[in-house]
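Now for the letters of each chain:
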Amino acid sequence: MADSADAAHQVEEADRQRALDATLKRAASTAKPLPTDIHALCIDCQLAIEPARLVALRNCTSRCASCANEHEERMRYGR
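The structure displayed is predicted, hence computed values, not measured ones.

K.L.:
Any chance you could explain the overall build of the protein here in plain terms?
P.N.:
Summing up its helical and strand segments, the protein has three helices and zero strands in all. In the protein, the succession of helices and strands from N to C terminus is α-α-α. For the protein, the proportion of its 79 residues judged to be buried stands at 11%. Split by element, the accessible area of the protein, about 6,600 Å² in all, is 58% carbon and sulfur.

Take a look at the structure:
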């Protein structure tokens with residue numbers, strides 16, 4: 001019984017992975033390039049957010065990498 005359950009689980013996982021791959025491929029093909037003149041400032045240190053970070057996070061970030069790491073640590077450890 002466990003063997004058939006394991007096989008069914010593997011098929012489910014493979015189907016899920018194929019669906020995820022297809023979704024990511026579709027998203028990549030329809031993604032619009034971000035403008036190169038973005039000058040976003042970090043809400044904590046007021047320095048420019050790294051362009052690569054803006055691209056990687058699809059311009060949905062308000063902190064530079066350094067401040068984001070510090071913020072996550074404060075949230076994690078309650079400082």
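That covers the picture; the talk isn't over yet.
K.L.:
Sorry, what's going on with the nonpolar core here?
P.N.:
Here is a general trend for soluble globular proteins: nonpolar side chains tend to be buried in one another's company. Membership of the largest hydrophobic core is limited to six residues, which are A40, C42, I49, L54, C64 and C67. Sequence-distant contacts of C67, that is, excluding residues within four places in its chain, are made with C42, D44 and C45.

K.L.:
Mind showing me how you'd approach the pattern of salt bridges here?
P.N.:
Pairs can form between side chains of opposite charge once their charged atoms are near each other. Under the criterion given, the structure shown has four salt bridges. Here R16 ties to E13 by a salt bridge, and the two come within 2.5 Å at their closest N and O atoms. Taken as a pair, R16 and E13 lie in helix α1 (residues 2–30) at a separation of three residues, close to a single helical turn. On the basis of relative accessible area, R16 is assigned to the partly exposed category, the value being 48%. Exposure remark for E13: the relative accessible area of 34% places this residue in the partly exposed category. A salt bridge links D15 to R18; the nearest nitrogen and oxygen atoms lie 2.4 Å apart.

K.L.:
Looking at this structure, how should I read the side chain of T61?
P.N.:
In this structure, T61 sits in the loop between α2 (51–56) and α3 (65–77). Among the polar contacts made by the side chain of T61, one reaches the side chain of R53 at a distance of 3.4 Å. Engagement of the side chain of T61 in a polar contact is seen with the backbone oxygen of R63, the distance being 3.3 Å.

What counts and what doesn't
Here the residue numbers are simple positions, counted from 1 along each chain's written sequence. In keeping with the predicted nature of the model, local features appear solely for residues at pLDDT of at least 70, side-chain atom pairs appear and are counted solely at 80 or more, and the whole-chain, interface and lining totals rest on all residues. Computation of side-chain values covers all heavy atoms of the structure but excludes hydrogens and water. The way it works is that DSSP assigns letters per residue, a run of H or I at least four long becomes a helix, a run of E at least two long becomes a strand, and they are numbered from the N terminus. Burial classes: relative accessible area under 20% of the type maximum marks a residue as buried, over 50% as exposed, and values in between as partly exposed (1.4 Å probe, protein chains only). Using a 1.4 Å probe, accessible areas were evaluated by the Shrake-Rupley method; residue-level cover was limited to the displayed protein chains. In this text, buried Ala, Val, Leu, Ile, Met, Phe, Trp, Tyr and Cys residues form a nonpolar core when linked through side-chain atoms within 4.5 Å. Here, two residues are considered to be in contact whenever any of their heavy atoms come within 4.5 Å of each other. Salt bridges are defined by distance alone: a side-chain nitrogen of Lys or Arg within 4 Å of a carboxyl oxygen of Asp or Glu. Nitrogen and oxygen atoms within 3.5 Å of one another constitute a polar contact, given that in protein one can donate a hydrogen and the other can accept it, and given that sequence-neighbouring residues count only through two side-chain atoms.

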